[in-house]
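# Breakdown of the fold
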Amino acid sequence: MPAKSVQSTYGDKIYEGKAKILYRGPKDTILHYFKDSATAFNAQKKAEFDGKGQMNLKISVLLFDYLKMHGIESHLIKQIDDRTFESLSLKMIPAEVVVRNRVAGSLAKRLGEDEGAILNPPTVEFYLKDDAKGDPLVSEDLMVSLFHQKREDLLRMRELALKINSALLVLFQKAKLNLIDFKLEFGKTPGGKILLADEISPDCCRLWDMATGEKLDKDRFRHDLGDLMTGYQIVYDRLIEALK
Ligand code: UDP
């Protein structure tokens, strides 16, 4: 449940996802409440981690603020409390946009390639956001011809995703972290502008320590590689240091 002090701000529950609950906020905004739960493998593996909600909120707000300073707008309006931020209400585009700088995860599995191989230039992929179908990888053409997306929107998301990647690579380099891949979601304003939405946290990025190769992201949970929160805390501390 949201903190009592701000509960009066919360309107109706709109949606409960695997890691967040969305509530209607004041003046047609959305409140994103970050839970402690983690899921993997299409929710077949589940667990709770004390403080994960607060940590992912802190990291998302930090990264959205950083991107804003670099000319990339997001849906974020402001942080409300240690588990909640307020955002614009966007019409979400049903795609998970994955940027990859190195081979890992499903790509390594699908192509039988070693994790860690450099992708030059970075790649952008579209996955259909549809839990029932298991979020399948879909070509840009099929996104248009079967899933009713506009070609110009896909081009814009691709352009934004690569711009976000370039900006994040500079920050993570300073933090001595290798940004292997990450997932973004986008939505449209009533005026038709496409903005970065959802969250950016170690739940949806792969981050490896540059010196040791240690995995500091959700793969710790997916593959039982060590305490999840220890990894997330290192990512946060390094980001704070890099921004000084
Ligand atoms: N990702 C995500 N949500 C998803 C699927 C992937 O946030 O539903 C992120 C994942 O954490 C990784 C990147 O997108 O940083 C690429 O994931 P991949 O396709 O390799 O799939 P996974 O191995 O996570 O199943």
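For the structure itself, look to the data block above.
Below or above, wherever it landed, is the structure these notes cover. (Residues numbered from 1 in each chain as written. Predicted model: local features only at pLDDT ≥ 70, side-chain atom pairs only at ≥ 80, totals over all residues. Heavy atoms only, no water.)

What follows deals with the sheet that holds strand S3 (residues 30-34). Sheet architecture is open: 5 strands sit in the order S1-S2-S3-S7-S6, paired in antiparallel fashion. The sheet terminates laterally at strand S1 (13-16) and strand S6 (76-81), the two strands that pair on one side only. For this sheet, the mean angle separating the axes of adjacent strands, direction not counted, is 25°. Relative to S3, strand S2 (residues 20-24) is paired through 5 bridges, and the arrangement is antiparallel. Looking at the pairing, Tyr23 lines up with Leu31 of S3. (Pairing = 2+ DSSP bridges. Helix = DSSP H or I, 4+ residues; strand = E, 2+ residues; numbered from the N terminus. Axes fitted to C-alpha atoms, helices over the stretch in contact; angles between N-to-C directions.)

To continue, consider the site of the ligand. Taken together, 16 residues form the shell around the ligand, and within it Arg100, Ser106, Asp181, Arg206 and Arg222 come nearest. One nitrogen or oxygen atom from the side chain of Arg100 is found 2.7 Å from an oxygen atom belonging to the ligand. Arg222 has a polar side-chain atom sitting 2.9 Å from an oxygen atom of the ligand. For the ligand, whose free accessible area comes to 500 Å², the fraction covered by protein is 77%. Looking at the shell around the ligand, the elements with two or more residues in it are strand S9 (95-102), helix H2 (105-111), strand S12 (177-188) and strand S14 (205-209). The residue inventory of the shell around the ligand, partitioned by class, reads 6 nonpolar, 2 polar and 8 charged. (Near = heavy atom within 4 Å. Polar contact = N/O pair within 3.5 Å; in protein donor to acceptor, adjacent residues only side chain to side chain. Areas by Shrake-Rupley, 256 points an atom, 1.4 Å probe, with all protein chains shown as cover. Nonpolar A, V, L, I, M, F, W, Y, C, P; charged D, E, K, R; others polar.)

Tallying each qualifying case throughout the model produces 28 salt bridges. For Glu125, the salt bridge is made with Arg110, and the minimal N-O distance between the two is 3.3 Å. With a gap of 15 residues between them, Glu125 in strand S10 (residues 118-128) and Arg110 in helix H2 connect regions that are remote in the sequence. Here Glu125 falls in the buried class, since its relative accessible area comes to 11%. The partner of Asp130 in a salt bridge is Lys133, with the nearest N and O atoms 3.5 Å apart. A relative accessible area of 22% places Asp130 in the partly exposed class. Relative accessible area serves as the criterion here: at 53%, Lys133 is assigned to the exposed category. (Salt bridge = Lys/Arg side-chain N within 4 Å of Asp/Glu carboxyl O. Buried < 20%, exposed > 50% of the residue type's maximum accessible area, 1.4 Å probe, protein only.)

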